[in-house]
Amino acid sequence: MPYLIRRLLQMAFVLWAVATIVFLMFRLMPGDPSAAFIDPTFTVEQQQAVRAQFGLDRPLPQQYLIYLGNLLHGEFGLSFRQRQPVLGMVLEVLPNTLLLTLTALLIAYAFGTLLGALMAWKRGGRFEAISVPLVLTTRAAPEFWVGMVMLAIFAFGLGWLPSGGANVAGAQYASEWDRILSLDYLRHLALPALTLAIYLQGLPALLMRSSMLEVMREEFVTMARMKGLPERTIMLRHAARNALLPLVTAFALGFGQSVGGNVVVENVFSWPGLGRLLAEAIANSDYPLAQCAFLLIALVLVLMNFLADLLYGLLDPRVAHGRG
Amino acid sequence: MDVAEARAAPAVAALPIRRRRGAWAAFARHLLRDPYALIGISIYAIFVVVGLTAPWLAPYDPMEILFTADGGLAASLPPSADHWLGTTNLGRDIVSQLVMGTQPSLIVGLSAAVAVASIGTVVGLLAGYFGGAVDQVLMRVTDIVLGLPFLPFVIVVTALLGPELQNIVFAVAVLLWPNAARVIRSQVLTLSQRQFVEAARVTGAGEWRILFVHVAPSVLPFSALYGAFAVGWAILTQASIAFLGFGDSSAISWGTMLQDAYASQALDRGQYFWFLPAGFCIVLVVLAGFLVSRGYEDLLFPKLRDDT
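Residues numbered from 1 in each chain as written. Chains lettered and ligands numbered in written order. Predicted model: local features only at pLDDT ≥ 70, side-chain atom pairs only at ≥ 80, totals over all residues.

Draft legend 1. Summary view of the overall build of chain A. Scanning chain A from N- to C-terminus turns up 15 helices and 0 strands. Structurally, chain A occupies a C-alpha span of about 90 × 60 × 35 Å along its principal axes. Looking at chain A alone, contacts between residues at least 24 apart form 72% of all its contacts between residues at least 6 apart. (Helix = DSSP H or I, 4+ residues; strand = E, 2+ residues; numbered from the N terminus. Contact = placed C-beta atoms within 7 Å.)

Listed below in structure tokens is the structure:
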């Protein structure tokens, strides 16, 4: 079977498995999912009608099949609290999460790649002795705490940047694009993106460092040296360019993981994104909303894992496409 | 018993033991030679001592609301001789909270390490040694787990099972064991081809005996490494869950301290003594794990070594 088709089938399997796990988890949640729609004044018949409407009067396997069918049709149900389709609520905040993730990743990878290349170049010196433990420290720091320190310094202490949200309350914009492209949005985006980037840059930095060190041992680098090319040219033109390959897949993987990992940062900065929506929905026992947000985060993750796998195979000819 | 077998037998008996000693001795040598690893171990040691003696070290009950000499609430006091890091906005002693907060972090970190290392080792051994269906199932389960978003999954699990520490450990272990199992599986695959396993087989050792007596000791250092990784992840996860408000609010931890500080506008009022120390403690404990495992990783995976 061709590699691509096998990989697609594998992805479909993972999506099905994740959807099933989500079904089981949310079905086991404490409380009656229809309780939010039942008024104490309802008659028994009315209550049963509500249950039937949600399919809750049927046996579990049948509920499961209905659930899978609904997912395939893009039906995610109604929010317990807002009484509107959850899919719309989730899609409304999705751009905020994607923008935050992308901005943070771009900053992190630009900075991390440079840092990693420098660490490899200046190997064994004082620069490396300081930067490696420093990078490890950023990876050990809880993101929400880094965010708190950022808020205390830049929002409350110096008053340079806003302390939360994505736009000034009550601001009106002609379109979604106007809102996102406004300076106000950028000012709100700065601190959460920077907080995430501080955490995210560690991986590309360490990856780039070891990848560079590996490339620097290869023959073509020795060859370039023998040709008498200046060290800077060797490092930039030859070593760094080839060492970048593993970072491409790491970027895709990082994107998938970050969309779900944003939960804490979005909460610290009240950033109206998927993670914040998920945390709020669970705190409010709004399970259809939480379920939809979770499924969307998982979908992005699975798609990005798939993409990373494809890129890995495409970029590195040493990887045979026959692996399982 | 013919001559060949008689000569093979003592060698077989000695080899795994020597290998096991070799692995642990290498680990000990690594600790002594690598200054980072020594720093990491020292940080661990200090926190373990603090965690064990916390009830005696803490000057006050961390939840007790304190009053000043004139009867007023000892709220938001700056650091002083009585309260080294000051008090919270409800008049609780911050040093006492910090000291007591060591316990949940260590409990979560260590139990997650044990859970990840033991499940990962057993499944990795079985999958690598017997292959076939076990191997296939392990691979598919790993794929599924990689499709579960980490923190959202832990949040849903705590909402489902309750905010107690063991549920956080359970969720973290569910997500992390497949990594360990996969690495141990590939180690077992190469080990099974080695001569000492072959020799054991020739002398008539049973499959289970070969697996647990001859192969298992050689993969234990890898189990230890993945256990060490799990410590940091589990501590960060527990702190995040507590910060998001899904943790056990009745138990003091660094995460609940930070959540309390955040919700009580400590950032707004610039009470750095309230929210900086708890964060530093988390950084130190997680960093200690990185420092110990980093050099050790190079030791176990020589291919990744970059000191040439």
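That covers the picture; the talk isn't over yet.
Draft legend 2. Representation of the UniProt feature "transmembrane region" (unreviewed entry) in chain B. All names here are of chain B. Taking the numbering used here, the UniProt-annotated feature "transmembrane region" (unreviewed entry) corresponds to residues 36–58, 106–132, 144–162, 211–236 and 272–293. Within the segment residues 106–132, helix and strand shares are 96% and 0% respectively, and the terminal C-alpha atoms sit 38 Å apart. Structurally, residues 144–162 is divided into 79% helix and 0% strand, and its ends, taken at the C-alpha atoms, are 24 Å apart. (UniProt positions renumbered as here; feature names shortened; annotations may be inferred.)

Draft legend 3. Region of interest: the UniProt feature "domain: ABC transmembrane type-1" (unreviewed entry) in chain B. When the UniProt feature table is mapped to this numbering, "domain: ABC transmembrane type-1" (unreviewed entry) covers residues 102–293 of chain B. Segment residues 102–293 of chain B splits into 84% helix and 0% strand. End C-alpha atoms: 21 Å apart.

Draft legend 4. Up close: the packing of helix 14 (residues 274–283) of chain A against helix 15 (residues 287–315) of chain A. Residues and elements named next belong to chain A. It is the contact of helix 14 with helix 15, at a shortest axis distance of 8 Å, that shows an interaxial angle of 150°. For helix 14 against helix 15, the interelement crossing comes out left-handed. Between helix 14 and helix 15, the contacting residues are Leu274, Leu277, Leu278, Ala281 and Ile282 on the first element and Leu289, Ala290, Ala293, Phe294, Leu296 and Ile297 on the second. When the residues that make up the contact of helix 14 with helix 15 are grouped by side-chain class, the tally is 11 nonpolar, no polar and no charged. (Axes fitted to C-alpha atoms, helices over the stretch in contact; angles between N-to-C directions. Left-handed = near helix turned anticlockwise from the far one by under 90°. Nonpolar A, V, L, I, M, F, W, Y, C, P; charged D, E, K, R; others polar.)

Draft legend 5. Structural context of the interface of chain A and chain B. Across the contact, 39 residues belong to chain A and 37 residues belong to chain B. Of all the secondary structure elements, the ones that give two or more residues to the side of chain A that touches chain B are helix 1 (3–27), helix 5 (126–140), helix 6 (143–157), helix 9 (202–216), helix 12 (245–261), helix 13 (263–268), helix 14 and helix 15 of chain A. Its residues assigned to classes, the side of chain A that touches chain B comprises 29 nonpolar, 8 polar and 2 charged.

Draft legend 6. Representation of the UniProt feature "transmembrane region" (unreviewed entry) in chain A within the structure. All names here are of chain A. Listed under "transmembrane region" (unreviewed entry) in the UniProt record, and renumbered for this structure, are residues 12–29, 98–121, 142–161, 185–207, 243–265 and 293–315. Helix makes up 91% of residues 243–265 and strand 0%. Its end C-alpha atoms lie 31 Å apart. Helix makes up 100% of residues 293–315 and strand 0%, whereas the separation of the span's terminal C-alpha atoms amounts to 33 Å.

Draft legend 7. Spotlight on the confidence of the model for chain A. Residues and elements named next belong to chain A. With 93% of its residues at a pLDDT of 70 or more, chain A shows a mean pLDDT of 83. Taking the mean pLDDT of every element in chain A, the minimum, 74, falls on helix 2 (residues 44–53) and the maximum, 93, on helix 13. Here residues 320–324 is a poorly scored stretch, pLDDT under 50, and it has 2 contacts once near neighbours within four places are set aside; other chains count. (pLDDT = per-residue confidence, 0-100.)

Draft legend 8. Highlighting the domain arrangement of chain A. All names here are of chain A. Taken domain by domain, chain A consists of domain 1 (2–72) and domain 2 (90–323). Averaged C-alpha coordinates put domain 1 and domain 2 at centres separated by 34 Å. Taken together, the 12 residues of domain 1 in the interface contact 10 residues of domain 2. Class assignment for the residues of the side of domain 1 that touches domain 2 results in 10 nonpolar, 1 polar and 1 charged. (Domains from an automatic or database assignment.)

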